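Residue strings, one per chain:
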Amino acid sequence: MWFRNLTLFRFSPAVAKSLKSLDDDLAEKRLRPCGPIELATRGFISPFGRNEDALTHRVGEFALLTLGGEDKLLPSSVINEELAVRLQKIAEKTGRKPGGRERKRLKEEVLTDLLPRAFIRLSKRNAYLDSQDGWFVVDTASKKAAEEAVTQLREALGSFPAVPMAAEESPRALMTDWLANGKLPAGLALGDECELRDPVESGAIVRCRRQELETDEVREHLKSGKQVFALGLTFEDRLSFSLGEDLVVRKLRFLDVVQDELGEGDRGGTDENQAAAELDAVFALMSLELRRLFAKFEEWFGLPRPSDKK
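Note that the coordinates shown come from a computational prediction; the quantities given were computed from them, not determined experimentally. Position labels on residues start from 1 in each chain and follow its written sequence. In view of the model being predicted, local features appear only for residues whose pLDDT reaches at least 70, and side-chain atom pairs are presented and counted only at 80 or more, with totals across whole chains, interfaces and linings using the full set of residues. Hydrogen atoms and water are omitted, and side-chain values are computed over all heavy atoms in the structure.

**Some details on the pairing of strand E3 (residues 56-59)**
Looking along a regular strand, one sees side chains alternate from face to face of the sheet. Note that E3 and strand E4 (residues 62-73) share four bridges and pair antiparallel. Paired with His 57 across the two strands is Leu 64, which belongs to E4. In this analysis, strands are considered paired if DSSP registers two or more bridges between them. Helix and strand definitions here come from DSSP, where helices need a minimum of 4 consecutive H or I residues and strands a minimum of 2 consecutive E residues; each element is numbered from the N-terminal end. Linking two consecutive strands that pair antiparallel, namely E3 and E4, is a turn of two residues; a positive phi of about 60° is found at Gly 60 within it.

**Observations regarding helix H4 (residues 100-114)**
To estimate how far a helix should extend, the number of its residues minus one is multiplied by 1.5 Å. Compared with an ideal rise of 1.5 Å per residue, which puts 15 residues at 21 Å, H4 spans 21 Å between its outermost C-alpha atoms and is within 8% of the ideal. Buried within H4 we find Glu 102, Leu 106, Val 110 and Leu 114. All buried residues of H4 fall inside an arc of 100° around its axis, so they share one side. Away from its buried face, by an angle of more than 90 degrees, H4 presents the exposed residues Gly 100, Arg 101 and Lys 104. Three exposure classes are used, based on accessible area relative to the maximum for each residue type with a 1.4 Å probe and protein chains only: buried under 20%, partly exposed in between, and exposed over 50%. To obtain the arc, one takes the directions from the helix axis to the C-beta atoms.

**Some thoughts on unusual backbone geometry**
The backbone of Asp 237 sits at a positive phi, close to 60°, despite the residue not being glycine. By the element assignment, Asp 237 lies in the loop between strand E10 (227-235) and strand E11 (239-244). Its identity is not glycine, yet Leu 247 carries a phi of approximately 65°, on the positive side. Tracing the chain through its elements places Leu 247 in the loop between E11 and strand E12 (249-254). Accessibility expressed as a relative area gives 3% for Leu 247, which makes it buried.

**Section: the confidence of the model for the protein**
Low pLDDT means the predicted coordinates in that region are not meant to be read closely. pLDDT gives the predictor's per-residue confidence on a scale running from 0 to 100. Looking at the protein, the pLDDT average stands at 92 and 97% of residues meet or exceed 70. For the protein, H4 is the element with the lowest average pLDDT, namely 89, and strand E6 (residues 135-138) is the one with the highest, namely 98.

**Some thoughts on the pattern of salt bridges**
Where charged atoms from two side chains of opposite charge approach closely, those side chains can pair. Within this document, salt bridges are pairs made up of a side-chain nitrogen of Lys or Arg and a carboxyl oxygen of Asp or Glu, the two lying within 4 Å of each other. Applying the stated criterion to the full structure yields 24 salt bridges. Between Arg 219 and Asp 216 there is a salt bridge; the shortest N-O distance is 3.3 Å. Placement of both Arg 219 and Asp 216 in helix H7 (residues 216-223) is noted, with a separation of three residues, approximately one turn of the helix. Take Asp 216: its relative accessible area is 58%, and that puts it in the exposed class. Overlapping salt bridges, with partners in common, bring together Glu 236, Arg 238, Glu 261, Glu 289 and Arg 292 in one network.

**Quick word on the packing of aromatic side chains**
Aromatic ring pairs are reported here in terms of the distance separating the ring centres and the angle at which the planes meet. Working definition: a ring pair exists when centres of Phe, Tyr or Trp rings (six-membered ring for Trp) sit within 6.5 Å. Plane angles under 30 degrees give stacked, over 60 give edge-to-face, the rest tilted. A full pass over the atoms with the stated rule returns 17 aromatic pairs. Between the aromatic rings of Phe 11 and Phe 160, the centroid separation amounts to 5.7 Å while the plane-to-plane angle is 50°, which identifies the pairing as tilted. Separated by 149 residues along the polypeptide, Phe 11 in the loop between strand E1 (7-10) and helix H1 (13-18) and Phe 160 in the loop between helix H5 (143-157) and strand E7 (163-164) bring together distant segments of the chain. Note on accessibility: Phe 11 and Phe 160 belong to one class, buried. An angle of 80° between the planes, with centres 6.3 Å apart, marks the rings of Phe 235 and Trp 300 as edge-to-face. Here Phe 235 is found in strand E10, whereas its partner Trp 300 is found in helix H9 (residues 271-302), with 65 residues between them in sequence.

**Things to note about the nonpolar core**
For our purposes a nonpolar core is just a set of buried Ala, Val, Leu, Ile, Met, Phe, Trp, Tyr and Cys residues, chained together by side-chain atoms within 4.5 Å. Judged by nonpolar contacts, the single largest core of 48 residues is most densely connected at Tyr 128, Leu 179, Leu 231, Phe 241, Leu 290, Phe 294 and Phe 297. Sorting elements by how many residues they give to this core places H9 first, with 12 residues. We call two residues contacting when some pair of their heavy atoms lies within 4.5 Å. Beyond its immediate sequence surroundings of up to four residues, Leu 290 is in contact with Leu 6, Tyr 128, Leu 239, Leu 252 and Phe 254. With 24 residues, the next largest nonpolar core counts Leu 67, Ala 127, Val 150 and Leu 157 among its residues.

**A word on the packing of helix H6 (residues 171-181) against H7**
Axis definition: a line fit to C-alpha positions, over the contact stretch in the case of helices; interaxial angles, taken between N-to-C directions, run 0 to 180 degrees. Orientation of H6 relative to H7, taken along the N-to-C sense of each, is 135°, at an axis distance of 9 Å. By the angle class used here, H6 and H7 are oblique. The two elements H6 and H7 cross, and the hand of that crossing is left-handed. Where H6 abuts H7, its residues Thr 176, Leu 179 and Ala 180 lie against Val 218, Arg 219 and Leu 222. With respect to orientation, any angle under 35 degrees is reported as roughly parallel, any angle over 145 as roughly antiparallel, any angle of 65 to 115 as roughly perpendicular, and every other angle as oblique. Less than a right angle of anticlockwise turn of the near helix away from the far helix marks a crossing as left-handed, whereas a clockwise turn marks it as right-handed.

**Some points on the sheet that holds strand E8 (residues 188-197)**
Strands sit in the order E9-E8-E10-E11-E12 across an open sheet of five strands; the sheet is antiparallel. Bordering the open sheet on either side are strand E9 (205-208) and E12, each of which pairs with just one other strand. Averaged over all adjacent pairs, the angle separating strand axes in this sheet is 15°, with direction ignored. For E8 and E9, the ladder comprises four bridges, and the chain directions are antiparallel. Bridge pairing in E9 links Cys 194 to Cys 208. Sitting on the sheet, H6 is in contact with E8, E10 and E11, with an inclination near 70° to E10.

What follows is the structure in structure tokens.
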């Protein structure tokens, strides 16, 4: 259950207070199966599995939730093939080619006939809320997927005015300075990858992977005017990740020292109980580690929490 990518949103203390009824609110938007002629449905499922009742798992001020979706798998090639067969039959029977309006009607008929027989794919995406510090954290690097998660939560709660990251200090400028001068904030160290770009439109792009970054080669790129758009970093020898200029965290890894703290203790009970206990332990450890990292993000980049003042 370890999160691998992080897209962050912030919400105010007043919004945090409204989350006390989160479980009841999510129950109204539990994921339901696709109907016979539906293409997709969206809703919430239990972090412990779809057949479980609890739609959140809480550890202190943290609340883990899982956004689910069902999508019918109906390739356009299958639709077009069936449509072509029906168009050909009409052409052979009437001696004419169906017009645009009739083609549209026939396509709708094809969809109606094929959808009940289509395979269904279940998708899941984890996220969590930190009511104490006002973070909504989605396990994705996709802007679209993250915004869909906010929309789903907003629909469940009626209102959820969470906002994307708006840094007071330019992440691109700061990370470029870190790489150019080798002077990083305490607890932060360079990783082994970066993405450098010429900031002009259609400018050159340089991507480094598994490479020492404090080299003359990298410095020459910076001297020529390129800027850091993504930078591999290690935080306190506990977390490693690539941080983008959009403040999206990618390739997040919890290093051995963190994994060792989780341990392999015997949690006893059935397989289901052991799985639940493991999720609880991982979530508790992960959320506390990330709270410390996000506090540093606030310090480095200037990420004020939204205020309740009008």
